[in-house]
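Structural overview for review
So the chains spell out like this:
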Amino acid sequence: MAKNVVGKTVGSLGEYLREQRLSSRLSLRQLAELAGVSNPYLSQIERGLRKPSAEVLQQIAKALRISAEQLYIQAGILSPEDGVGGSVELAVLGDTSLTERQKQSLLDVYTSFLALNAADAARTPDEAPPPPDGSADLDASRTTETDTDSITNER
């Protein structure tokens with residue numbers, strides 16, 4: 001039977017969690033109980049078979065007495081460059097009035113905006129696409145008409 005590994009990031013998260021659990025001298029069952037998750041689910045996370053939600057990561061971090069942000073970085077939810085405290089991601093993840101699905105949707109939209117802005121910033125002015133529907137021509141003609149009106153009004 002082939003293992004269905006969720007991803008490389010999750011695998012390293014599982015390894016990191018296992019190291020933290022062992023350094024805390026906790027068994028898998030003990031950590032599962034402290035974190036409020038099932039023993040099989042925690043085992044699957046450690047083996048890289050499951051990707052836990054931000055809420056589950058927060059529960060595990062609390063049980064291990066480590067930083068939840070560190071687990072978010074390991075899970076790929078936060079990037080190390082974002083820093084800790086004050087980031088948009090942390091604000092979204094910490095909002096208790098949002099569901100996990102809403103949090104993930106917001107983070108996905110935010111990430112896509114960052115990627116779009118980075119791509120736009122990387123473009124040179126010559127590569128910028130023309131405005132849709134020939135609106136650049138309309139703007140030029142409006143400017144000409146406005147200039148003509150102001151010249152007429154000055155006379």
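You'll find the structure just up there.
Now for a description of the structure that goes with this document. Per chain, residue numbering runs from 1 following the sequence as it is written. Local features in this predicted model are restricted to residues whose pLDDT is 70 or higher, and side-chain atom pairs enter the listing and the counts only when it is 80 or higher, whereas totals over whole chains, interfaces and linings include all residues. Computation of side-chain values: all heavy atoms of the structure, hydrogens and water removed.

What follows is about the overall build of the chain. Counting from the N terminus, the helices are DSSP H or I runs at least four residues long and the strands are E runs at least two residues long. Helices and strands together make up the secondary structure of the chain, namely eight helices and zero strands. When its helices and strands are written in sequence order, the chain yields α-α-α-α-α-α-α-α. Think of it in three bands: with a 1.4 Å probe and only protein chains considered, a residue is buried below 20% of the maximum accessible area for its type, exposed above 50%, and partly exposed in between. Looking at the chain residue by residue over its 155 residues, the buried ones come to 26%. Here a residue-residue contact requires only that any non-hydrogen atoms of the pair lie within 4.5 Å. Relative to all contacts within the chain whose residues are 6 or more apart in sequence, the contacts with residues 24 or more apart total 45%. Values of accessible area rely on a 1.4 Å probe in the Shrake-Rupley scheme; residue burial ignores everything except the protein chains shown. Total accessible area computed for the chain in this model is approximately 10,800 Å², and 52% of it derives from carbon and sulfur atoms.

Before going further, it helps to spend a moment on helix 2 (residues 28-35). Among the residues making up helix 2, those that are buried are L28, L31, A32 and A35. Taken around the axis of helix 2, the buried residues stretch over an arc of 100 degrees, which confines them to a single face. Opposite the buried face of helix 2, at more than 90 degrees from it, the exposed residues are R29, E33 and L34. Within two residues after helix 2, G36 carries a phi angle of roughly 75 degrees, on the positive side. To be clear, the arc concerns the directions from the helix axis to the C-beta atoms.

Take the nonpolar core next. Buried residues of nine kinds, namely Ala, Val, Leu, Ile, Met, Phe, Trp, Tyr and Cys, make up a nonpolar core once their side-chain atoms join them within 4.5 Å. Counting residues in hydrophobic clusters, the biggest one holds 28 residues, and the most contacted among them are I60, L71, Y72 and I77. Every element with two or more residues in this core is listed here: helix 1 (8-23), helix 2, helix 3 (39-46), helix 4 (54-64), helix 5 (68-75) and helix 6 (88-94). When residues of this core are assigned to their parent elements, the largest contribution, seven residues, is made by helix 4. Ignoring sequence-local partners within four residues, the contact set of I77 consists of A54, L57, Y72, E89, L93 and L107.

Okay, the packing of helix 4 against helix 5 next. Structural elements are reduced to axes, namely lines fitted to C-alpha atoms, with helices fitted over the stretch in contact, and the angle between N-to-C directions of any two is expressed from 0 to 180 degrees. Helix 5 packs onto helix 4 with a crossing angle of 130 degrees between their chain directions and a minimal axis gap of 8 Å. With respect to their mutual orientation, helix 4 and helix 5 come out oblique. Here helix 4 and helix 5 pass one another in a crossing that is right-handed. Where helix 4 abuts helix 5, its residues A54, L57, Q58, I60 and A61 lie against A68, L71, Y72 and A75. Here the angle decides the label: under 35 degrees means roughly parallel, over 145 means roughly antiparallel, 65 to 115 means roughly perpendicular, and every other value means oblique. For any helix crossing, the convention is left-handed if the near helix is rotated counterclockwise from the far helix by under a right angle, and right-handed if that rotation is clockwise.

Attention shifts here to the environment of Q58. Tracing the sequence through the fold places Q58 in helix 4. Q58 sits in the partly exposed class, given a relative accessible area of 42%. For the pair formed by Q58 and L71, sequence separation is 13 residues and the distance between their alpha carbons is 7.9 Å.

Another point: the pattern of salt bridges. Any carboxyl oxygen of Asp or Glu that lies within 4 Å of a side-chain nitrogen of Lys or Arg is treated as forming a salt bridge with it. Summed over all chains, the structure comprises one salt bridge. One salt bridge connects E46 with R21, and the closest N-O pair in it is separated by 2.7 Å. In this pair, E46 sits in helix 3 while R21 sits in helix 1, placing the two residues 25 residues apart along the sequence. Each member of the pair, E46 as well as R21, is classed as buried.

Here we come to the environment of R29. Along the chain, R29 falls in helix 2. Sequence separation between R29 and L42 is 13 residues; the distance between their C-alpha atoms is 8.7 Å.

For the pair helix 2 and helix 4, interaxial distance at closest approach is 8 Å and the crossing angle is 115 degrees. Between helix 2 and helix 4 lies a crossing whose hand is right-handed. Note on element contacts: helix 4 touches helix 2 through Q59, I60, A63 and L64, opposite L31, L34 and A35. Classifying every residue of the contact of helix 2 with helix 4 gives six nonpolar, one polar and no charged. Amino acids outside the nonpolar list (Ala, Val, Leu, Ile, Met, Phe, Trp, Tyr, Cys, Pro) and the charged list (Asp, Glu, Lys, Arg) are all regarded as polar, and Gly is one of them.

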